[in-house]
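Listed below, chain by chain, are the residues.
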Amino acid sequence: LASRFSSGAVDECSGIIRKTLRYTFVSGIWFCMLFAALSVPLVTLVFSDKFEYSGRLLVFFVAVVAFRSVGAVILPALVAAGRSKLYAYLTMVSAVLYFGLSVVLIPRLESRGAIIATIFSYGVLMVIGLREVFRSYRVGLGWRLLSLPVRTILAGVASGGVGWWLVEQAPFRMNVVS
């Protein structure tokens, strides 16, 4: 990507960014649905039914996994375009935002407040980072590119829902750690 960008092949870079985002988002959503369907059963399998709440909290982190799958493209793309300082700045802003939200939300919402702060701060980093990647590589935002996340999330929710239903039908609960 860096060599193509420095040689002026921005259109080719734009195609690489689109394909990479598509693959990382699709695989990220697939993992999210698997994680959402299995988090409670795995936590209760390893520990006990008393820890079911912990497994349910893990489901909230599905959004973070989806953000990180797309976010994994942002740093290399900005570095290849010679904009690594921008990524450092975005990371700093995201960390300050996370700290501020944590101070406000954790006393009120406890662990859910920490999860909301994490999701929101990652979301801001991702949205601004993607905007800058799209600007740097002149990635056009056509209907097809914009509809991909919606289609992928719907497919992921449908397949994850089936997986979740199948897990709930399991006739046994086995605790590995008492």
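Residues numbered from 1 in each chain as written. Predicted model: local features only at pLDDT ≥ 70, side-chain atom pairs only at ≥ 80, totals over all residues. Heavy atoms only, no water.

(A) Representation of the packing of aromatic side chains in the model. For the structure on display, the rule yields three aromatic pairs. Each ring, one from F31 and one from F35, has its centre 6.1 Å from the other, and the planes form 20°; the classification is stacked. Of this pair, F31 and F35 both sit in helix α2 (residues 10–46), four residues apart, roughly one helical turn. Taking the relative accessible area as the measure of exposure, F31 reaches 40% and is therefore partly exposed. The exposure class of F35 is partly exposed, given its relative accessible area of 24%. (Phe/Tyr/Trp six-rings, centres within 6.5 Å; stacked < 30°, edge-to-face > 60°. Helix = DSSP H or I, 4+ residues; strand = E, 2+ residues; numbered from the N terminus. Buried < 20%, exposed > 50% of the residue type's maximum accessible area, 1.4 Å probe, protein only.)

(B) How the structure looks around helix α6 (residues 111–137). The end-to-end C-alpha distance of α6, which contains 27 residues, comes to 39 Å, matching closely the 39 Å that a straight helix rising 1.5 Å per residue would cover. In the stretch just after α6, R138 is the one whose phi turns positive, near 50°. (Expected span 1.5 Å × (residues − 1).)

(C) Structural view of a nonpolar patch on the surface. Together, W30, F31 and L34 give the surface a local cluster of nonpolar side chains, amounting to about 330 Å² of exposed area. Position of L34 among the secondary structure elements: in helix α2. (Patch = residues over 30% accessible without salt bridge, like charges linked within 9 Å, V, L, I, M, F, W, Y side chains within 5 Å. Areas by Shrake-Rupley, 256 points an atom, 1.4 Å probe, with all protein chains shown as cover. Salt bridge = Lys/Arg side-chain N within 4 Å of Asp/Glu carboxyl O.)

(D) Quick look at the packing of helix α3 (residues 52–60) against α6. α6 packs onto α3 with a crossing angle of 20° between their chain directions and a minimal axis gap of 10 Å. As summarised for this structure, α3 and α6 are arranged roughly parallel, according to the angle between their axes. As α3 runs across α6, the sense of the crossing is right-handed. Contact residues: Y53, L57 and F60 in α3; S111, R112, I115 and I119 in α6. Each residue belonging to the contact of α3 with α6 can be placed in one class, and the counts come to five nonpolar, one polar and one charged. (Axes fitted to C-alpha atoms, helices over the stretch in contact; angles between N-to-C directions. Parallel < 35°, antiparallel > 145°, perpendicular 65-115°, else oblique. Left-handed = near helix turned anticlockwise from the far one by under 90°. Contact = heavy atoms within 4.5 Å. Nonpolar A, V, L, I, M, F, W, Y, C, P; charged D, E, K, R; others polar.)

(E) Geometry of the environment of V103. Among the secondary structure elements, V103 is positioned in helix α5 (residues 84–109). Placed 97 residues apart in sequence, V103 and S6 show a C-alpha to C-alpha distance of 43 Å.

(F) Quick peek at the packing of α2 against α6. Across the interface, α2 lies against α6 with an axial gap of 9 Å and an inter-helix angle of 150°. Classified by the interaxial angle, the pair formed by α2 and α6 is roughly antiparallel. Counted together, V10, C13, S14, I17 and L21 of α2 and L130, V133, F134, S136 and Y137 of α6 form the full contact between these two elements. Across the contact of α2 with α6, the residue classes break down as eight nonpolar, two polar and no charged.

(G) Just the nonpolar core, in detail. Ranked by size, the top nonpolar core spans 27 residues in total, and within it I17, L21, I74, L130, V133, F134 and Y137 carry the most contacts. Breaking this core down by element, the ones donating at least two residues are α2, α4 (62–80), α5 and α6. In this structure Y137 touches L1, F5, V10, C13, S14, I17, A77, A80 and A81, once residues within four positions along its chain are discounted. (Core = buried A, V, L, I, M, F, W, Y, C linked by side-chain atoms within 4.5 Å.)

(H) Expanded view of unusual backbone geometry. You will see that E110, though not glycine, has its phi angle at about 55°, which is positive. By the element assignment, E110 lies in the loop between α5 and α6. Residue E110 is classed as exposed on the basis of its relative accessible area, which comes to 60%. Look at R138: it is not a glycine, yet its phi comes out positive at around 50°. Mapped onto the elements of the fold, R138 is located in the loop between α6 and α7 (143–168).

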